[in-house]
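# Notes for the structure review
Read off the chains here:
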6 protein chains.
Amino acid sequence: MKMKSSDDQPTALDLGPQAELNADLSAYFDKCLEKLGFVPNVLRAYAFDMVKLKAFIDMADNLMLADSGLTKLEREMIAVAVSVVNHCHYCLAAHGAAVRQRAGDPLMGELIAQNYRAANLPARQKAMLDFAVKLTETPDRMEEADREALRKAGFSDRDIWDIAAVAGFYNMSNRIAAATEMRPNAEYHFMAREKKD
Amino acid sequence: MKMKSSDDQPTALDLGPQAELNADLSAYFDKCLEKLGFVPNVLRAYAFDMVKLKAFIDMADNLMLADSGLTKLEREMIAVAVSVVNHCHYCLAAHGAAVRQRAGDPLMGELIAQNYRAANLPARQKAMLDFAVKLTETPDRMEEADREALRKAGFSDRDIWDIAAVAGFYNMSNRIAAATEMRPNAEYHFMAREKKD
Amino acid sequence: MKMKSSDDQPTALDLGPQAELNADLSAYFDKCLEKLGFVPNVLRAYAFDMVKLKAFIDMADNLMLADSGLTKLEREMIAVAVSVVNHCHYCLAAHGAAVRQRAGDPLMGELIAQNYRAANLPARQKAMLDFAVKLTETPDRMEEADREALRKAGFSDRDIWDIAAVAGFYNMSNRIAAATEMRPNAEYHFMAREKKD
Amino acid sequence: MKMKSSDDQPTALDLGPQAELNADLSAYFDKCLEKLGFVPNVLRAYAFDMVKLKAFIDMADNLMLADSGLTKLEREMIAVAVSVVNHCHYCLAAHGAAVRQRAGDPLMGELIAQNYRAANLPARQKAMLDFAVKLTETPDRMEEADREALRKAGFSDRDIWDIAAVAGFYNMSNRIAAATEMRPNAEYHFMAREKKD
Amino acid sequence: MKMKSSDDQPTALDLGPQAELNADLSAYFDKCLEKLGFVPNVLRAYAFDMVKLKAFIDMADNLMLADSGLTKLEREMIAVAVSVVNHCHYCLAAHGAAVRQRAGDPLMGELIAQNYRAANLPARQKAMLDFAVKLTETPDRMEEADREALRKAGFSDRDIWDIAAVAGFYNMSNRIAAATEMRPNAEYHFMAREKKD
Amino acid sequence: MKMKSSDDQPTALDLGPQAELNADLSAYFDKCLEKLGFVPNVLRAYAFDMVKLKAFIDMADNLMLADSGLTKLEREMIAVAVSVVNHCHYCLAAHGAAVRQRAGDPLMGELIAQNYRAANLPARQKAMLDFAVKLTETPDRMEEADREALRKAGFSDRDIWDIAAVAGFYNMSNRIAAATEMRPNAEYHFMAREKKD
């Protein structure tokens with residue numbers, strides 16, 4: 001199959017040329033190249049407008065990398081579990097790779113990207129993903145009992161905020177990706193596939 | 001009915017005390033007080049963490065207020081149409097008020113907040129909301145034909161990005177509000193209710 | 001926005017001229033004018049046929065006004081909660097106003113018309129609306145356990161009948177309104193909006 | 001299997017003794033006995049309150065038996081198609097029998113009661129049931145295009161009202177039956193089962 | 001209504017002439033004729049290819065007739081309950097008849113074919129059908145708790161396999177019937193309709 | 001994460017010891033070992049009963065390997081697209097690997113296993129998967145127009161049967177896997193991951 005040249009255009013939209021990167025964002029792109037070997041297409045998609053690009057990066061990095069009662073792996077697991085509900089090709093590729101990498105376990109990435117209920121997760125992570133998936137599917141059904149279930153699983157109110165914020169964020173980015181047919185960098189598919197010993 | 005004292009706590013979560021506002025954010029809160037008479041509870045909810053608060057404001061204000069092929073009213077209409085699908089009490093209160101105000105028409109706000117299909121909207125706005133609602137309900141079904149329908153209704157690819165980004169954003173904030181039981185300021189209910197002549 | 005002239009035609013259907021009102025129905029319309037200042041458009045819609053009009057009024061008035069273990073406010077709350085599921089513009093306008101009025105509380109009307117789960121209702125009314133909403137969404141799932149939940153919340157079997165009958169009735173009228181694009185009288189939007197002291 | 005003695009109690013609710021029938025309703029019950037050999041359980045269920053019973057009969061008989069652009073068989077077909085969506089045991093039994101009888105064709109009754117799309121119906125009746133089923137499943141999606149499809153299939157606006165009113169009515173009675181576990185008279189299952197020559 | 005001549009062509013597809021039956025399959029068809037008076041149309045549909053026909057018969061007969069902790073009636077009940085969810089005309093006709101026959105009770109067949117929740121089934125069969133219906137509607141939600149509910153209702157792990165396998169099989173055959181518009185033999189509608197004494 | 005030892009028990013059910021394999025099935029297992037390096041867990045799961053195991057293999061092999069107007073890759077694509085809807089961990093692992101292998105393209109496997117609508121497939125394969133997915137999600141909505149769409153895309157009636165039969169089969173096996181928590185062999189995750197030149 002001849003793939004769409006995702007390296008040439010990151011979405012199905014013609015959004016015009018990349019805006020000129022300021023020093024901070026230019027450094028950010030360089031760091032991506034250095035660490036990943038490529039600039040994630042979501043950033044290239046946003047790069048037609050520096051204000052939007054910066055706002056996206058600021059929010060995403062805070063959610064996924066700042067201090068939190070959730071581990072970075074747990075936040076990636078939420079990203080993937082939400083993206084399974086929304087069948088988001090871009091986010092499953094990018095964050096599936098992240099789960100494989102952060103878990104140090106390629107099977108774990110596949111499991112969460114296929115059906116987390118099959119993964120026999122620890123009770124804490126099962127409760128976390130149950131909440132994130134219910135919030136994705138039927139936000140209007142959330143009730144105090146849902147928060148109580150998280151508290152019983154050991155999460156603080158501050159952690160509940162983070163679960164909600166991460167799940168909310170991927171419900172946003174899944175939809176932006178879907179609406180624009182955002183194409184994941186091919187490299188994601190090959191990352192962190194090595195068998196564990 | 002004795003209402004929950006939404007002025008005392010903006011959500012069902014105990015997120016600790018408000019962080020100290022830096023000068024910029026302090027000025028921002030003051031401006032809200034001056035223009036609206038209150039600080040929107042969503043900002044008070046985020047105010048336990050200045051980085052998160054700033055990231056939220058930066059993204060929201062860019063989406064809703066920056067230059068765009070969409071009018072500010074149209075962006076508020078998307079916010080409300082998305083919030084109807086998700087039955088989001090907070091966003092229907094806050095952005096329903098915004099539609100009433102920006103449209104200069106209290107009936108329009110009610111219509112969009114109840115069922116935009118009943119509003120006999122111009123073809124452009126009907127196409128815009130059809131796209132935003134499909135993206136909300138079934139993001140995995142978006143196809144080129146959906147983008148083509150927007151182009152036929154007169155939207156540029158850049159406008160399509162903005163429709164997707166606004167619809168995506170409210171799918172995020174609806175879920176954060178639902179997960180935390182965020183309570184709208186009572187003032188919203190009374191804003192822009194005056195009958196037009 | 002130029003609104004559709006809902007005062008001129010109550011639905012999108014051309015149903016011919018109003019039939020001649022008999023003395024009873026003429027008095028009924030006069031009473032509406034006296035009490036509300038207008039004849040509700042649902043009555044004007046039915047008025048092409050006196051038999052249908054009378055059958056509708058007889059059933060509606062018995063359900064909403066006759067003696068019952070449910071208060072009149074509770075019956076209006078059911079009407080609104082059902083109409084939220086069905087996104088019925090007509091019924092949300094008309095019965096949202098009724099909830100605001102009967103509750104003596106404009107915020108309560110908004111809450112129920114947006115998402116009753118956000119309203120921190122007393123257990124009795126929460127159980128009542130949970131039953132009505134489940135009956136609306138998945139009637140084929142009703143089981144004895146659902147009736148038992150109502151009995152535990154203090155309802156008699158006779159009350160359960162009334163909850164079912166009111167929820168059923170608005171599932172009917174929501175659909176007649178949707179199928180015919182029935183337009184609420186503009187006056188509803190402005191009723192009972194005054195802030196409580 | 002030992003069946004529930006549906007002749008003894010028509011629902012799972014204890015609604016108290018039958019009210020005293022006035023002369024008109026007593027004559028009505030007698031006519032049922034004469035024509036059908038039994039009083040339909042839905043009437044027995046309502047008989048705890050003469051006002052409710054009369055309102056139900058008045059509306060049902062007007063919808064199903066009064067002059068209309070729809071044949072009586074077509075109205076029964078709508079009743080059944082709606083009841084299939086809602087999986088209503090009572091109405092499928094009672095109105096399935098009515099379709100078999102009015103069609104003079106037991107296979108037709110089975111077809112509509114299983115999946116009308118398998119029935120190779122004439123375009124008029126296919127359009128009618130498509131409208132009734134969409135109205136049942138997603139009332140909030142009704143648009144002018146749906147009414148136009150009926151007009152193209154030969155229906156007048158007055159007929160559209162009748163389709164909506166009948167479909168609406170069974171969305172009500174399906175739910176009252178589901179909420180109360182209303183039990184069909186056993187006789188329905190055996191009516192109009194004879195093979196056509 | 002003029003029915004489609006289901007005896008002439010068992011589906012809406014033109015699959016070419018029947019393949020020559022080998023001795024075993026010829027004997028199998030003869031046995032159908034002898035026992036039922038007709039060859040079920042599903043077999044006639046498959047008969048364009050002897051390998052496919054044999055594979056279908058081998059699997060179906062093993063599931064429905066081999067030794068199992070489930071009675072043959074229970075397996076037919078699963079077939080019908082699954083087919084209700086999928087609104088499968090063919091399977092409701094054929095297996096509805098089988099339930100009527102194996103139960104020796106025409107009302108039971110109607111009940112299961114309309115809504116098994118209305119049937120006041122023994123706890124064992126209720127649990128069995130709840131599992132089969134959940135598996136039909138939301139297979140991705142199955143968890144250990146679902147299997148535990150069956151074990152508590154008295155089923156062995158081997159029985160759980162059989163429930164899953166029968167429910168799975170009708171999810172397959174329902175879809176083949178729907179995709180091809182498979183038509184049930186008219187005879188099914190008249191089988192086992194006699195009133196019990 | 002400590003994974004469940006899927007090599008020790010292929011499902012969550014205790015189905016007793018493996019039955020003695022007859023010569024044919026023993027040779028079949030040997031061939032799996034030779035070609036794949038392992039016996040697929042679905043076969044190990046069925047191996048408690050030789051008749052069931054043989055019926056499953058006969059049907060699966062005929063559907064996926066026999067002569068057909070569909071290529072073997074196309075049949076695997078259907079298997080995966082159906083399994084995405086049902087979120088089936090086992091089938092996504094096993095048939096995702098098969099698509100990667102048969103397509104000679106690891107990206108293609110990921111695409112179909114995430115969202116085939118993002119894959120810019122040729123019209124023929126897009127039509128094929130649209131049909132299979134609609135048949136999976138809403139079998140009761142299939143109409144002649146769906147078959148006509150396949151014919152217009154170049155499929156014969158015989159091909160339509162095969163599309164339906166393969167889609168049906170995976171709706172069965174997805175459910176058996178879900179009901180029993182069937183665990184894919186770990187090897188699947190590592191197969192055919194090599195980058196194309």
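Since the model is a prediction, treat every value here as computed from it, not as a measurement.

### Description of the arrangement of the chains
Nothing in chain B touches chain E, and the closest approach of their C-alpha atoms is 17 Å. Nothing in chain C touches chain F; the tightest C-alpha to C-alpha distance between them is still 17 Å.

### Points about the packing of helix α5 (residues 89-103) of chain E against helix α6 (residues 106-114) of chain E
Residues and elements named next belong to chain E. One way to put it is that α5 packs onto α6 with a least axis distance of 7 Å and a crossing angle of 140 degrees. Considering their axes alone, α5 and α6 lie oblique with respect to each other. As for the relative orientation of α5 and α6, their crossing is right-handed in sense. For the pair α5 and α6, the contacting residues are Leu92, Gly96, Val99, Arg100 and Ala103 in the first and Pro106, Met108, Gly109, Glu110 and Ala113 in the second. Looking at the contact of α5 with α6 residue by residue, the class counts come to 6 nonpolar, 2 polar and 2 charged.

### Brief notes about helix α4 (residues 72-85) of chain D
Residue and element names in this part refer to chain D. Compared with an ideal rise of 1.5 Å per residue, which puts 14 residues at 20 Å, α4 spans 21 Å between its outermost C-alpha atoms and is within 8% of the ideal. The buried fraction of α4 amounts to 12 of the 14 residues, a majority that puts the element mostly inside the structure. For α4, the full list of buried residues reads Leu73, Glu74, Arg75, Glu76, Met77, Ile78, Ala79, Val80, Ala81, Val82, Ser83 and Val84. Where the residues of α4 are buried, they touch α3 (50-65), α5 (89-103), α6 (106-114), α7 (123-137) and α9 (157-180). The first or second residue beyond α4 is His87, which carries a positive phi of 50 degrees.

### Considering the environment of Ala47 of chain F
All names here are of chain F. With respect to the helices and strands, Ala47 occurs in the loop between α2 (41-46) and α3 (50-65). In sequence terms Ala47 and Leu15 are 32 residues apart; their C-alpha atoms lie 9.3 Å from each other. In contact with Ala47, other than residues within four places in its own chain, are Gln18, Ala19, Phe29 and Leu53.

### Quick word on the relation of the copies chain B and chain A
If you rotate chain B by 180 degrees and push it 0.0 Å along the axis, it lands on chain A with an RMSD of 0.0 Å. On this basis, the relationship between the two copies can be described by a two-fold rotation axis. Judged by C-alpha distance, Met172 of chain B is the residue of chain B that lies nearest the rotation axis, at 2.6 Å. Both copies present the same face, since 100% of the interface residues in chain B are matched by interface residues at the equivalent positions in chain A.

### Brief notes about the packing of helix α7 (residues 123-137) of chain E against helix α9 (residues 157-180) of chain F
Interhelical geometry of α7 of chain E versus α9 of chain F gives an angle of 125 degrees and a closest axis separation of 10 Å. When the interaxial angle is binned, α7 of chain E and α9 of chain F end up oblique. The interaxial crossing formed by α7 of chain E with α9 of chain F has right-handed handedness. Mapping the contact onto sequence places Phe131, Leu135 and Thr136 of chain E in α7 of chain E and Arg175, Ala178 and Ala179 of chain F in α9 of chain F. Of the residues that constitute the contact of α7 of chain E with α9 of chain F, the class distribution is 4 nonpolar, 1 polar and 1 charged.

### Considerations on the environment of Arg44 of chain F
All names here are of chain F. You can see Arg44 is positioned in helix α2. Measuring from C-alpha to C-alpha, the distance between Arg44 and Pro10 comes to 6.6 Å, with 34 residues separating the pair along the chain. Among the polar contacts listed, one links the side chain of Arg44 to the side chain of Asn41, at a separation of 2.8 Å.

### Brief notes about the interface of chain B and chain A
Listed by partner, the interface residues are 44 residues for chain B and 44 residues for chain A. Carbon and sulfur atoms supply 67% of the area buried between chain B and chain A, which totals about 3,900 Å² over both sides. Considering only the surface of chain B that becomes buried against chain A, Met59, Trp161 and Arg175 of chain B emerge as the three largest contributors, covering 20% of it. Inspection of the region where chain B meets chain A yields 5 salt bridges. Linking chain B to chain A there are 12 residue pairs in polar contact (both at pLDDT 80 or more). Those elements that provide at least two residues to the side of chain B that touches chain A are α2 (41-46), α3 (50-65), α7 (123-137), α8 (144-152) and α9 (157-180) of chain B. Broken down by element, the residue count for the side of chain B that touches chain A peaks at 16 residues, all from α9 of chain B. Along the lines of polarity and charge, the residues of the side of chain B that touches chain A split into 24 nonpolar, 7 polar and 13 charged.

### Quick look at the state of the cysteines
Inspection of every chain in the model, using the stated rule, returns 0 disulfides over all chains. Not engaged in a disulfide, the cysteine Cys88 of chain A finds its nearest cysteine sulfur in Cys91 of chain A; these two sulfurs lie 3.5 Å apart.

### Topic: the packing of aromatic side chains
Tallied over the entire structure, the rule returns 36 aromatic pairs over all chains. On the basis of an interplanar angle of 85 degrees and a centroid distance of 5.1 Å, the ring pair of Phe38 of chain C and Tyr188 of chain C is categorised as edge-to-face. With Phe38 of chain C in the loop between α1 (23-36) and α2 (41-46) and Tyr188 of chain C in the segment after α9 (157-180), the pair connects residues that are 150 residues apart, well separated along the chain. The pair Phe38 of chain C / Tyr188 of chain C is uniform in exposure class, with both members buried. Site record: aromatic cluster; members linked through ring pairs are Tyr46, Phe48, Phe56, Phe169 and Tyr170 of chain A together with Trp161 of chain B.

### Some thoughts on the nonpolar core
Ranked by size, the top nonpolar core spans 147 residues in total, and within it Ile78 and Trp161 of chain E together with Ile78 and Trp161 of chain F carry the most contacts. Apart from the residues within four sequence positions on either side, Ile78 of chain F is in contact with Leu70, Met128, Leu129, Ala132, Ile163, Val166 and Ala167 of chain F.

### Some points on α3 of chain B
The first and last C-alpha atoms of α3 of chain B sit 21 Å apart over 16 residues, in line with the 22 Å expected at 1.5 Å per residue. Considered for burial, the residues of α3 of chain B that qualify are Met50, Lys52, Leu53, Ala55, Phe56, Ile57, Met59, Ala60, Asn62, Leu63 and Met64 of chain B. In this structure, the buried residues of α3 of chain B make contact with α3 (50-65) and α9 (157-180) of chain A together with α1 (23-36), α2, α4 (72-85) and α9 of chain B. Backbone nitrogen of Val51 of chain B and a side-chain oxygen of the N-cap are separated by 2.9 Å at the start of α3 of chain B; the cap is Asp49 of chain B.

### Section: the pattern of salt bridges
The full count for this structure, using the stated rule, is 111 salt bridges over all chains. For Glu110 of chain E, the salt bridge identified is with Arg193 of chain E, shortest N-O distance 2.9 Å. Of the two residues, Glu110 of chain E is situated in helix α6 and Arg193 of chain E in the segment after α9 (157-180); the sequence distance between them amounts to 83 residues. Like Arg193 of chain E, Glu110 of chain E is buried. With a closest N to O distance of 2.7 Å, Asp58 of chain F and Lys54 of chain F form a salt bridge. Here Asp58 of chain F and its partner Lys54 of chain F are both found in helix α3, 4 residues apart, which amounts to about one turn of the helix. Sharing partners across several salt bridges, the network here consists of Glu144, Arg147, Glu148, Arg151 and Asp157 of chain A together with Glu181 and Arg183 of chain B.

Calculation rules
Residues numbered from 1 in each chain as written. Chains lettered and ligands numbered in written order. Predicted model: local features only at pLDDT ≥ 70, side-chain atom pairs only at ≥ 80, totals over all residues. Heavy atoms only, no water. Contact = heavy atoms within 4.5 Å. Axes fitted to C-alpha atoms, helices over the stretch in contact; angles between N-to-C directions. Helix = DSSP H or I, 4+ residues; strand = E, 2+ residues; numbered from the N terminus. Parallel < 35°, antiparallel > 145°, perpendicular 65-115°, else oblique. Left-handed = near helix turned anticlockwise from the far one by under 90°. Nonpolar A, V, L, I, M, F, W, Y, C, P; charged D, E, K, R; others polar. Expected span 1.5 Å × (residues − 1). Buried < 20%, exposed > 50% of the residue type's maximum accessible area, 1.4 Å probe, protein only. Least-squares fit on C-alpha atoms with pLDDT ≥ 70 in both. Polar contact = N/O pair within 3.5 Å; in protein donor to acceptor, adjacent residues only side chain to side chain. Buried area = accessible area lost by both parts, 1.4 Å probe. Salt bridge = Lys/Arg side-chain N within 4 Å of Asp/Glu carboxyl O. Disulfide = S-S within 2.5 Å. Phe/Tyr/Trp six-rings, centres within 6.5 Å; stacked < 30°, edge-to-face > 60°. Core = buried A, V, L, I, M, F, W, Y, C linked by side-chain atoms within 4.5 Å.

In short, shape yes, function no, at least from these values alone.
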